[in-house]
Amino acid sequence: MRKWTIPSVLFLLCLLFLLPDQGRRIQANAEAESDVPVDPPKVEEKFGAIPHGLSTDSDVVKRESESMSRKTLRADAEKFEFQAEVSRLMDIIINSLYSNKDIFLRELISNASDALDKIRFLSLTDKEVLGEGDNTKLEIQIKLDKEKKILSIRDRGIGMTKEDLIKNLGTIAKSGTSAFVEKMQTSGDLNLIGQFGVGFYSVYLVADYVEVISKHNDDKQYVWESKADGAFAISEDVWNEPLGRGTEIRLHLRDEAGEYLDEYKLKDLVKKYSEFINFPIYLWASKEVEKEVPADEDESSDEEETSETSPSEDEEDDSEKAEDEKKPKTRRVKETTYEWELLNDVKAIWLRNPKEVTEEEYTKFYHSLAKDFSDEKPLAWSHFNAEGDVEFKAVLFVPPKAPHDLYESYYNSKKSNLKLYVRRVFISDEFDELLPKYLSFLMGLVDSDTLPLNVSREMLQQHSSLKTIKKKLIRKALDMIRKIADEDPDESNDKDKKDIEESSADNEKKGQYAKFWNEFGKSVKLGIIEDATNRNRLAKLLRFETSKSDGKLTSLDQYISRMKAGQKDIFYITGASKEQLEKSPFLERLTKKNYEVIFFTDPVDEYLMQYLMDYEDHKFQNVSKEGLKLGKDSKAKELKESFKELTKWWKGALASDNVDDVKISNRLADTPCVVVTSKYGWSANMERIMQSQTLSDASKQAYMRGKRVLEINPRHPIIKELRERVVKDPEDESVKQTAQLMYQTALLESGFLLNDPKDFASRIYSSVKSSLNVSPDAAVEEEEDIEEPEAETDDKEAAAKDDSDAKDEL
């Protein structure tokens, strides 16, 4: 027995040594054949797995020589030449300076989504086309191989046959013609959208070698490969993982495209361009987790030594020591694991029926769209479908706050807050044609299925469909803003206000329109200036304070409802502040006669009223300009005749000041005189605004200034006395000085700037002298001249002081 026992033991030992070696050989074969690196334990087995793990060494060598990492076309593949237009297209893409390479991922995800849509459509009539197991999962997977610089995008869509690969990826007959390539070549913008064809070739912006592995239910699995050198090859795929169904695209990235191997970069691109794709998009993402692992023997022995030297060890009980010895020693370490991370969890709510979407869903969608992380809800939203020549779906939001630079970059900013999608794929947010500038504060998106695909961005901007979309968007946007006002209890008339307060249990919408107006009121005014078509609609949204509103906002409709019987014009006045306007002499007679006057205090209001001439058959009248009508005055003719000599004399006295006329006023009650401007010229407020402009040109402004008219109050005692003085002695210098001073004072009170403030000050001082009985010839007392000490004396004193200070220190 001993003779056989020793050889048997030796034989068993040999087997034990051979088995690990065979295991290592199997692992080496698997690594050689695999198209992706060996991943941590959580890697999905069927994604990049090796079907022939027990291959011979010769097979491994052969497959390594044909590995895609070498970026060469396989020797046994069937070679084809690209269509001439494709070669030119790829040459443009590869050699042109392209500002936005990011869109390649958008194109590939869009293509994958289309393929998934097709198989889902076929499955409606034939469920068997989906197959079973993982093939039924309609999803898109993105995976990185940082070592080999490979980016993979896989879908379980309809897939392509060999003929489809040749037809779809070797020609652009389906996507356009040579004329399209010519247009693209001249425009210099390669921002293309579409399906397999033109959009697919954007991969060569970032890759110098591309593989397309595809499996259709009606054909075998094939590999399409090309280096963008005018040729491509197709071969039956017998070495990659069987896809079951669908397409996997592998991009061998250029050295300068290394940024696309960053997980965070890919996440951002998916969020930006493909966030609302119908199908889930997964990224094979790394994640750090903490795990407890057994402690090393060396570490545990060190701990034991330390604990032995510790004095507290002696005090422990033997039982506690025994329990500690039984517990295994562990330590916490960080470990990198991989798992599929869902990137597009926000649902495209615009595809649903508006009645089925809750308020919370709209708020969540707004925060996602606006990248707003606050808890504030949007002020309003509008969700609608448009049908007709152009079909599109849209969601618009009014943000709770205006951006800090909304009006600073009003005319310079190209970026819009409205995003354009075509079939749920983000195209651009730089379309000036979708919304006018004054509505650029609105957030939202437009998704159209009818906009033409496979065209450049410039061509899409010129497309006639955009005009139709713009028209409908403006109408819906204005209706949405109008609805904020209609639902606000503060906007109701006093009659209806009590009923609303009694019947409404929820006052959440109270004051919402005032909030909107404080944030975006200037945009409404700019809209009236810029958009003549919707001017009347926008005018209904105007809000302002008046002489009767008690600090609350009023609309034009509310103003008209409070107009006096027989009042035809809407009265307004412009100025720097409400407080200043309330004390204006132009309002004296109007206030006494119980007329309501609108206060416009925003600088843009001056421009606004040049465009808003009338509203609901009522004309606007600036009470600081001539032409004000306040009913008939029975004594008007008598007063005009009575003061005819004074007005004529005064006009002559002010000839050097370019005063056009001196008239009897119908707007003054307590003030002796004011200066008004001609009806179509600048008001005093407008003159002030224009003079404060940085690049204003005084010479060009001269002809825009309104003609100045001095209006006098015939009932004021100063005016009556002045008339008597003029009748007695028209050449009296003191009377002329008084008339000139009164005109300059009226200019200031009327809001004008004086051309010569020094002259005005001198007249005031002369008047003060007269009131104090100081002689006009009294001179200012001369100051006595005191001779200043010479500089040398000062230097000597300073030196002496320094010496004394030095002695004190010693």
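So, a few notes on the structure that sits alongside this text. Nothing here was measured: the structure is a model prediction, and the numbers come from that model. (Residues numbered from 1 in each chain as written. Predicted model: local features only at pLDDT ≥ 70, side-chain atom pairs only at ≥ 80, totals over all residues. Heavy atoms only, no water.)

**Some points on the side chain of Asp237**
In plain terms, the rule: Strands here are runs of E lasting at least two residues and helices are runs of H or I lasting at least four, both read from the DSSP assignment and numbered beginning at the N terminus. Counting of polar contacts relies on pairs of N or O atoms within 3.5 Å, with two restrictions inside protein: one atom must be capable of donating a hydrogen and the other of accepting it, and residues adjacent in sequence are counted only when both atoms are side-chain atoms. Residue contacts are defined here by distance: any two heavy atoms, one from each residue, within 4.5 Å place the two residues in contact.
By the secondary structure assignment, Asp237 is in the loop between β6 (231-236) and β7 (246-253). Only 3.0 Å separates the side chain of Asp237 from the backbone nitrogen of Asn240, close enough to count as a polar contact. Dropping the residues within four chain positions of it, Asp237 is found in contact with Ile213, Gln221, Tyr222 and Val223.

**Re the sheet that holds strand β21 (residues 673-677)**
Worth spelling out the cut-off: A pair of strands is labelled paired if DSSP reports no fewer than 2 bridges between them. To get an axis, a line is fitted to the C-alpha atoms, and for a helix only the part in contact is used. The angle between two axes follows their N-to-C directions and goes from 0 to 180 degrees.
With mixed pairing, the 3 strands of this open sheet are ordered in space as β20-β22-β21. Single-partner strands in this sheet number two, and they are β20 (659-664) and β21. Each neighbouring strand pair of the sheet contributes to a mean axis angle of 25 degrees, computed without reference to strand direction. Pairing geometry for β21 and strand β22 (residues 708-712), over 5 bridges, is antiparallel. Across the sheet, the residue bridging to Thr677 is Arg708, located in β22. Along the sheet, helix α21 (residues 644-653) makes contact with β20 and β22, crossing β20 at roughly 160 degrees.

**Some details on the pattern of salt bridges**
The test is simple: Whenever Lys or Arg places a side-chain nitrogen within 4 Å of a carboxyl oxygen from Asp or Glu, that contact is recorded as a salt bridge. Buried means the residue's accessible area, taken with a 1.4 Å probe over protein chains only, is under 20% of the maximum for its type, while exposed means over 50%, and partly exposed covers the values in between.
Per the stated rule, a full pass over the model turns up 34 salt bridges. A salt bridge links Arg482 to Asp486; the nearest nitrogen and oxygen atoms lie 3.9 Å apart. Placement of both Arg482 and Asp486 in helix α12 (residues 464-486) is noted, with a separation of 4 residues, approximately one turn of the helix. Residue Arg482 is classed as partly exposed on the basis of its relative accessible area, which comes to 34%. A salt bridge links Glu487 to Lys483, with the shortest nitrogen-to-oxygen separation between them at 3.9 Å. Assessed through its relative accessible area of 34%, Glu487 is described here as partly exposed. A relative accessible area of 46% places Lys483 in the partly exposed class.

**Some details on the nonpolar core**
Formally: Take the buried residues of types Ala, Val, Leu, Ile, Met, Phe, Trp, Tyr and Cys, join any two whose side-chain atoms come within 4.5 Å, and each joined set is a nonpolar core.
Judged by nonpolar contacts, the single largest core of 75 residues is most densely connected at Val398 and Leu473. Sequence-distant contacts of Leu473, defined by excluding residues within four places in its chain, comprise Phe384, Phe392, Ala394, Leu396, Leu418, Leu434, Leu435 and Val446. If you look at the next biggest cluster of nonpolar residues, it comprises 68 residues, including Phe80, Ile153, Val203 and Val346.

**Notes on α12**
Applied cut-off: Helix span, expected: 1.5 Å multiplied by one less than the number of residues in the helix.
With 23 residues, α12 should reach 33 Å at 1.5 Å per residue; the first-to-last C-alpha distance of 34 Å fits that figure. Looking at α12, one finds that the buried residues are Ser465, Leu466, Ile469, Leu473, Ile474, Ala477, Leu478, Met480, Ile481, Ile484 and Ala485.

**Points about a negative patch on the surface**
What counts is decided by this rule: Residues enter patches when they are more than 30% accessible in relative terms and free of salt bridges; like-charged ones are connected within 9 Å and nonpolar ones (Val, Leu, Ile, Met, Phe, Trp, Tyr) within 5 Å. Surface exposure here means Shrake-Rupley accessible area, sampled with a 1.4 Å probe, where a residue is shielded only by the protein chains that are shown. Asp and Glu count as negative and Lys and Arg as positive, but His and the ends of the chain are not part of the count. Charged side chains are reduced to one point each, which is NZ for Lys, CZ for Arg, CG for Asp and CD for Glu.
The grouping of Glu781, Glu782, Glu783, Glu784 and Asp785 at the surface amounts to a negative patch. On the secondary structure map, Asp785 appears in the loop between α26 (757-771) and α27 (791-809). Since its relative accessible area comes to 76%, Asp785 is described here as exposed.

**Section: the packing of helix α19 (residues 603-611) against helix α22 (residues 684-691)**
For any two helices packed against each other, the geometry comes down to the angle between their axes and how far apart the axes lie. The test is simple: Here is the rule for angles: anything less than 35 degrees is roughly parallel, anything more than 145 is roughly antiparallel, 65 through 115 is roughly perpendicular, and the remaining ranges are oblique. By convention, the crossing between two helices is left-handed when the near helix turns anticlockwise from the far helix through less than a right angle, and right-handed when the turn is clockwise. Only Asp, Glu, Lys and Arg are considered charged in this grouping, and only Ala, Val, Leu, Ile, Met, Phe, Trp, Tyr, Cys and Pro are considered nonpolar; every other residue, Gly among them, is considered polar.
At their nearest, the axes of α19 and α22 sit 10 Å apart, and the two run at 120 degrees to each other. Classified by the angle between their axes, α19 and α22 sit oblique to one another. Where α19 crosses over α22, the two elements pack in a sense that is left-handed. Contact with α19, carried on its side by Pro603, Glu606, Tyr607 and Gln610, involves Asn685, Met686, Ile689 and Met690 of α22 and no other residues of that element. When grouped by side-chain class, the residues that make up the contact of α19 with α22 number 5 nonpolar, 2 polar and 1 charged.

**Let's talk about the packing of aromatic side chains**
Here a ring pair, both rings aromatic, is described through the centre-centre distance and the interplanar angle of the planes. Rule in force here: Ring geometry is summarised as follows: Phe, Tyr and Trp rings, the Trp one being its six-membered ring, pair when their centres sit within 6.5 Å, and such pairs are stacked at plane angles under 30 degrees, edge-to-face over 60 and tilted between the two. To sit over a ring, a charge needs its Lys NZ or Arg CZ within 6 Å of the ring centre and within 35 degrees of the ring normal.
This structure, assessed with the given rule, holds 21 aromatic pairs. Seen from their ring centres, Tyr366 and Phe397 are 5.4 Å apart, and the 50 degrees between their planes marks the pair as tilted. Separated by 31 residues along the polypeptide, Tyr366 in helix α10 (residues 359-370) and Phe397 in strand β11 (residues 392-398) bring together distant segments of the chain. As far as burial versus exposure is concerned, Tyr366 and Phe397 are alike and both buried. Through pairs of rings, three or more aromatic residues link up here, namely Phe276, Trp350, Phe365, Tyr366, Phe397 and Tyr421. The ring centre of Tyr595 lies 4.6 Å from the NZ or CZ of Lys564, which sits over that ring. Stacked on the ring of Phe643, the Lys or Arg Arg723 has its end atom at 4.3 Å from the ring centre.

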